[in-house]
Amino acid sequence: MTPALKDLYVQKDKMYVATDCIIFGFDAGKLKLLAFKRRVEPFLGTWSLIGSFVRMEEDVSVAAKRVLTEITGLDNVFMEQLKAYGLADRDPGYRCVSIAQFALIRIDDYDKELTEKHGAHWFDLEELPELVLDHSQMVEDAMARLKRKARYQPIGFELLPEKFTIPQLQSLYEAIYQKKLDDRNFRKKLMTLGLLIKLNEKDKSSSRRGAFLYKFDYDNYQKLVKSGYNFEIA
């Protein structure tokens, strides 16, 4: 690097880069968000998304995965970069650009003790507290992305246990779209896609007769993706 270019880096103002994680889970027919009480000023003690400054040696995606693992104990979950939030006055503490990521996790899989240690809590999306800074906008943008992706990709399976019933799957998609879906049409579309493996097991928690359990067929999904198949689940 030439001296002139080096001087340019030294002379310019600096700013922080952060990553904030919108972590969605699904439980008891409700889509949920993981939030925690902010531990630093400004706005100490207010509800916040889970995030961190990006370290000098880290890629942004690596920083996001670090945050997720530190809070939930999970390291192999669906995570996707959402967008950058860079309004000059978004953080009164210091000039900071945040690269938001959204993640989908199975609520039964995460480390509850680790989450409680960090003061994190699951909230129903309909009952979210006021979030700090522009975090409410991040959640709104993540939900819009999730709705778009769920329409054409079987992304919802990331939120379900390994074995699930058709009604559980429908409840998830109704939570994502925030509307009631027609039972018959939903089941018909699912069976047409060929993405489910029917198991010789039943869930009898909601009725004596029970509902058959299914698994997601990842191998067939990958084959269909390569063939250019268009998934429209709901």
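Overview of the structure. On a predicted model such as this, the values are computed, not experimentally measured, just so you know.

## Examining the packing of aromatic side chains
With the rule as written, the count across this model stands at 11 aromatic pairs. Judged by centre distance (5.1 Å) and plane angle (65 degrees), the ring pair of Tyr16 and Tyr94 falls under edge-to-face. Taken together, the residues span a long stretch of sequence, with Tyr16 in strand E1 (residues 16-27) and Tyr94 in the loop between strand E5 (78-85) and strand E6 (96-104) at a distance of 78 residues. On the basis of relative accessibility, which here comes to 41%, the residue Tyr16 falls in the partly exposed class. A residue is classified by how much of its surface remains accessible, and Tyr94, at 45% relative accessible area, is partly exposed. The interplanar angle of 20 degrees and the centroid separation of 4.2 Å between the aromatic rings of Phe157 and Phe216 together place this pair among those described as stacked. Within this pair, whereas Phe157 is found in the loop between helix H4 (135-152) and helix H5 (166-177), its partner Phe216 is found in strand E9 (residues 211-216), the two being separated by 59 residues in sequence.

## Points about the environment of Ser98
Here Ser98 is to be found in strand E6. A sequence separation of 127 residues divides Ser98 from Val225, and the C-alpha atoms of the two residues are 32 Å apart. There is a polar contact of 2.6 Å between the side chain of Ser98 and the side chain of Asp20.

## A look at helix H2 (residues 60-72)
Relative to the 18 Å expected for 13 residues at 1.5 Å per residue, H2 spans 18 Å between its end C-alpha atoms, a close match to the ideal helical length. For H2, the full list of buried residues reads Ala63, Ala64, Arg66, Val67, Leu68, Ile71 and Thr72. Two residues or fewer after H2 comes Gly73, characterised by a positive phi angle close to 80 degrees.

## A short note on H5
Over its 12 residues, H5 extends 16 Å from the first C-alpha to the last, a length consistent with the 16 Å expected when each residue adds 1.5 Å. Among the 12 residues of H5, 9 are classified as buried, and the element is accordingly described as predominantly covered. Within H5, the full set of buried residues consists of Ile166, Leu169, Gln170, Leu172, Tyr173, Glu174, Ala175, Ile176 and Tyr177.

About the cut-offs
- Residues numbered from 1 in each chain as written.
- Predicted model: local features only at pLDDT ≥ 70, side-chain atom pairs only at ≥ 80, totals over all residues.
- Heavy atoms only, no water.
- Phe/Tyr/Trp six-rings, centres within 6.5 Å; stacked < 30°, edge-to-face > 60°.
- Helix = DSSP H or I, 4+ residues; strand = E, 2+ residues; numbered from the N terminus.
- Buried < 20%, exposed > 50% of the residue type's maximum accessible area, 1.4 Å probe, protein only.
- Polar contact = N/O pair within 3.5 Å; in protein donor to acceptor, adjacent residues only side chain to side chain.
- Expected span 1.5 Å × (residues − 1).

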